[in-house]
Each structure stands twice: as C-alpha cells, then as structure tokens.
Amino acid sequence: RNEIRTRSSSPEQQVLFNIQRTVFPEGHPYHNPVGGDDLQLATIKLQDVCEFMDKYYVPQRATVIVAGNTTQKEVEELTSKWLAGIPKREAAPLAEVPTNFNIKETKRFDFEADMERPIVAMAWLAPPRFSEEGYLTSFLTTAAAEVRRNMKRRGEEIDIFAGDFLGGFEMPIFSLVAVLDNEKQIDLAIKQMNKAADIVYRRFEVLPSE
C-alpha cells in the first residue's frame, strides 16, 4: 500500500492514471493500474491472495534465471534436485488483451486535480513492445527533448518530460507531460508537443527497414 501511495501521490502520476483509464475502455485489462489501488488492497482478504496464487502462479509459468560461473550439467542437476518434485497443476487462463480498437481521432479531456500548477498530457498508441516495430518505441522519448528545444527558442520555460509507457506490452501508450506556469500556456504547450511528436514520427519514416 505504501508503494502504491508513493507512486500515485504526485499530481503528475494522477494525470497519467487518468490517461490510462481514459484511453483503455472499461473492462480492458489495462483500464486499471497494475497492482490495484489503496482501497482494493485495504479490503483484500488472505483467502483472495491464496486463491490468486494457486490459480496463476503455477510451475509452467515460472522463469528460472541462472547467473554465475556454472555449467549446463550443474544447472540440470540443481534443477532436478530442487524443482523436479514440484507437482504440475492446471493454470487459470490469462486475461485477453483486446487490440482491435484504435484511436482514429484526437480527443481532449479535462480533469480537475488538487495541484499547484496546470498540467498538459498527451498520449499516443504505440506498437506492441515485442513486435517487429516494437523497437521504435524507444525513440519516442526523444520527443521530450524536441519540445524543450522548441520551447526555449520561443523563450518559454515549460517543464516537459516523457511520461513513460502506460498499459502493457501488448498495447502500450506513450505519453508526454508538460508542467506549466499558468493556464495561458496550455494552447502553446499542445502546439509544441504535437510538433515534437510529428518530428519523431517523420524520423520513424526514414529509418531503414532492416
């Protein structure tokens, strides 16, 4: 609960949570933040935790990582000694992640929050992280630098940062967040953030296919 409070206590994080809940519809696995919220954890029961572990934490979904100066034979011997005796059991199916919807138009949503400075956040659907185009998502972070440079040329001091990826690997969304001095900067921030995103997008188009 303390970890979730820490992650969600800042106004910027609250904005990102609102983005995620807005982009992904009700019922989508990415609609709610990973780990739940403080109320859910405060009311969870021991039986709930045990049932969840029994359904989803099964041997065939385990990943064993071996590090150090060892050999395959030694690893096989240790695996047989410590893991072979764990009985198999049926695993509950994982939640399906619908990817058959798309954001075809720009939409604006206004949220009220208790914060000292106004915040503008923009989000775009990104390629699945492990798809053929997934590596391109790493280039999206350069958009924040483009925005800063464009703002400084105009003499505007706006704190802009990459809001990281929201959702999950199969259908992530990328966000940019601008912390403004006043509401008069909102339209300018939106314009510059769109410009930065366009610059990055055009860079994608010229990347070699290989």
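First, a word on scope: everything that follows refers to the structure included in this document.

What counts, and at which threshold
- Residues numbered from 1 in each chain as written.
- Predicted model: local features only at pLDDT ≥ 70, side-chain atom pairs only at ≥ 80, totals over all residues.
- Heavy atoms only, no water.
- Helix = DSSP H or I, 4+ residues; strand = E, 2+ residues; numbered from the N terminus.
- Buried < 20%, exposed > 50% of the residue type's maximum accessible area, 1.4 Å probe, protein only.
- Contact = heavy atoms within 4.5 Å.
- Areas by Shrake-Rupley, 256 points an atom, 1.4 Å probe, with all protein chains shown as cover.
- Salt bridge = Lys/Arg side-chain N within 4 Å of Asp/Glu carboxyl O.
- Patch = residues over 30% accessible without salt bridge, like charges linked within 9 Å, V, L, I, M, F, W, Y side chains within 5 Å.
- Lys, Arg positive; Asp, Glu negative; His and termini not counted.
- Charge placed at Lys NZ, Arg CZ, Asp CG, Glu CD.
- Phe/Tyr/Trp six-rings, centres within 6.5 Å; stacked < 30°, edge-to-face > 60°.

1. Some words on the overall build of the protein
Tallying secondary structure elements over the protein gives seven helices and three strands in all. By the burial criterion, 27% of the 210 residues in the protein qualify as buried. A separation threshold of at least 6 residues defines the contact pool for the protein, and within that pool the share at least 24 residues apart is 73%. Accessible surface, the protein: about 15400 Å² in total, of which carbon and sulfur atoms supply 52%.

2. Considering the pattern of salt bridges
Side chains that differ in sign of charge can pair as their charged atoms come close. This structure, assessed with the given rule, holds four salt bridges. Of the charged contacts, one joins Arg89 and Asp54 as a salt bridge, the two residues approaching to 3.4 Å between their closest N and O atoms. Residue Arg89 is located in the loop between α5 (72–82) and β1 (119–125), and its partner Asp54 is located in helix α4 (residues 46–56); the two are separated by 35 residues in the primary sequence. Classification of Asp54 by relative accessible area gives partly exposed; the value is 45%. Between Arg117 and Asp181 there is a salt bridge; the shortest N-O distance is 3.0 Å.

3. A look at a positive patch on the surface
A contiguous patch of positive charge, built from Arg153, Arg154, Lys191 and Lys195, is present on the exposed surface. Within the secondary structure, Arg153 sits in helix α6 (residues 142–153). Judged by its relative accessible area of 63%, Arg153 is exposed.

4. Quick notes on a nonpolar patch on the surface
On the surface, a nonpolar cluster with roughly 610 Å² of combined accessible area is contributed by Ile44, Leu46, Val49, Phe52, Met53 and Tyr57. Topologically, Leu46 is positioned in helix α4. Residue Leu46 is classed as exposed on the basis of its relative accessible area, which comes to 67%.

5. What about the packing of aromatic side chains?
The relative placement of two aromatic rings is captured by the distance of their centres and the angle of their planes. Scanning the entire structure with this criterion turns up three aromatic pairs. Both rings, one in Phe52 and one in Tyr56, keep their centres 4.8 Å apart while their planes meet at 40 degrees; by these two values the pair is tilted. Here Tyr56 and Phe52 lie together in helix α4, a separation of four residues that amounts to about one turn. The partly exposed category is assigned to Phe52, whose relative accessible area is 43%. Of the aromatic side chains, those joined through ring pairs into one cluster are Phe52, Tyr56 and Tyr57.

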